[in-house]
Amino acid sequence: MYFYKEIEKSVKILKRGKCLLYPTDTVWGLGCDAFNLNSIEKIYKIKNRNISKSMIILVENIDRLYELIEYIPNLVKKIIQDNSIKKEKPITIVYKKPRKIVSNLLINSQDNTLAIRLTNDPFCSHLIKTLDRPIISTSANLSGFPTPKSFSEISYSILSKIDYSVNFRRREKARYNSSSILQIISNKIKILRM
């Protein structure tokens, strides 16, 4: 099946420390192994992104989330498990006390937090599970430029610098421009991006 061939190709690319252009549960994303410092730095260069701006990590299940976060509040567990919320729009949650992170570029230095999305996207979930590591996810645009809503809108400057573009779902248009970003502070939800 074509889906699994693309997963296999993508995992080989990521294991070699390369960067990937791939479809996510929001827009097309630039990604890499979240534990490979050189790959993370390369994505910052490709996007011309300021190193003060952290990036999102994708995980495929709550067990992988626990590998990265020391404590998951009960309110977050409810949000993660509530299917009606997840169907509305993908949700990224900002967590305190991250661990096992290889690069400070991923951590918000002001408050020692890490943004993680537990993805429901089949391609992303299989990719992470097969790689057996979390991946970086950031929109496939130059920093400060509009986010492309489809593969055809991705600029040549991105396409020419990426190591591999996944050949899957290229004709689809993104349903969401981005995920919602929430942070839990004292058992209250703070909306950082809707």
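Structural notes, computed from the coordinates.

Here is what the cut-offs are and how they apply
- Residues numbered from 1 in each chain as written.
- Predicted model: local features only at pLDDT ≥ 70, side-chain atom pairs only at ≥ 80, totals over all residues.
- Heavy atoms only, no water.
- Salt bridge = Lys/Arg side-chain N within 4 Å of Asp/Glu carboxyl O.
- Helix = DSSP H or I, 4+ residues; strand = E, 2+ residues; numbered from the N terminus.
- Buried < 20%, exposed > 50% of the residue type's maximum accessible area, 1.4 Å probe, protein only.
- 1 Å grid on protein atoms, 1.4 Å probe; cavity = no way out; pocket = protein on both sides within 12 Å on 5 of 7 lines; lining within 4 Å.
- Points joined across faces, edges and corners; volume = space filled by probe spheres on them.
- Nonpolar A, V, L, I, M, F, W, Y, C, P; charged D, E, K, R; others polar.
- Pairing = 2+ DSSP bridges.
- Contact = heavy atoms within 4.5 Å.
- Axes fitted to C-alpha atoms, helices over the stretch in contact; angles between N-to-C directions.
- Patch = residues over 30% accessible without salt bridge, like charges linked within 9 Å, V, L, I, M, F, W, Y side chains within 5 Å.
- Areas by Shrake-Rupley, 256 points an atom, 1.4 Å probe, with all protein chains shown as cover.
- Core = buried A, V, L, I, M, F, W, Y, C linked by side-chain atoms within 4.5 Å.

1. Remarks on the pattern of salt bridges
Counted under the stated rule, the structure contains 11 salt bridges. With its nearest N and O atoms 3.9 Å apart, the salt bridge here joins Glu67 to Arg64. Residue Glu67 and its partner Arg64 are both found in helix α3 (residues 62–68); the two are separated by 3 residues, about one turn of the helix. A salt bridge links Arg64 to Asp132; the nearest nitrogen and oxygen atoms lie 3.1 Å apart. Here Arg64 is found in helix α3, whereas its partner Asp132 is found in the loop between α6 (122–131) and β6 (135–139), with 68 residues between them in sequence. Judged by its relative accessible area of 6%, Arg64 is buried. Each of Glu60, Arg64, Glu67 and Asp132 takes part in salt bridges that share partners, so that together they form one network.

2. Section: the layout of surface pockets
Roughly 680 Å³ of internal volume is contained in the largest pocket. Arg49, Ser54, Ile56, Ile181 and Arg193 are the residues nearest the centre of the largest pocket, which is lined by 34 residues in total. Sorting the residues of the lining of the largest pocket by element identifies β2 (28–31), β5 (113–118), β6, β8 (180–185) and β9 (188–193) as the ones contributing at least two each. The dominant element in the lining of the largest pocket, judged by the number of residues it contributes, is β5, at 4 residues. Taken together, the residues of the lining of the largest pocket break down into 11 nonpolar, 17 polar and 6 charged. In this structure, the second largest pocket occupies an estimated 490 Å³ of space. Together, 30 residues line the second largest pocket, and Asp25, Thr26, Pro90, Asp121 and Tyr176 are the ones closest to its centre. Among the elements of the structure, α4 (74–81), α5 (83–88), β4 (91–96) and β5 are those that each provide at least two residues to the lining of the second largest pocket. Among the residues making up the lining of the second largest pocket, the classes are represented as 15 nonpolar, 4 polar and 11 charged.

3. Observations regarding the sheet that holds β8
If you trace the 9 strands from one edge of the open sheet to the other, you get β7-β1-β2-β6-β3-β5-β4-β8-β9, paired in mixed fashion. In the strand order of this sheet, the two ends are held by β7 (164–165) and β9, each with one partner. Relative to β8, β4 is paired through 4 bridges, and the arrangement is parallel. When the bridges of β8 are listed, Ile93 appears paired with Leu182. The strands touched by helix α2 (residues 37–47) are β2 and β6; relative to β6, the strand with the most contacts, the crossing angle is about 5°.

4. Re a nonpolar patch on the surface
A contiguous nonpolar patch, built from Ile189, Ile191 and Met194 and spanning about 330 Å² of accessible area, is present on the exposed surface. The topology assignment puts Met194 in the segment after β9.

5. Re the nonpolar core
Tyr22, Ile57, Tyr95, Ile116, Leu127 and Ile136 are the most contacted members of the largest nonpolar core, which totals 59 residues. Those residues within four positions of Ile116 in sequence are excluded, and the remaining contacts are Ile57, Val59, Leu65, Leu68, Ile69, Ile91, Thr92, Ile93 and Tyr95.

6. Some points on the pairing of β2
Of the two faces of β2, the one lined by Trp28 and Leu30 and the one lined by Gly29 and Gly31 are each fully buried. Judged from the 4 bridges that link them, strand β1 (residues 20–23) and β2 form a sheet pairing that is antiparallel. The partner of Leu21 across the bridge, within β2, is Leu30. The loop that links β1 with its antiparallel partner β2 comprises 4 residues.

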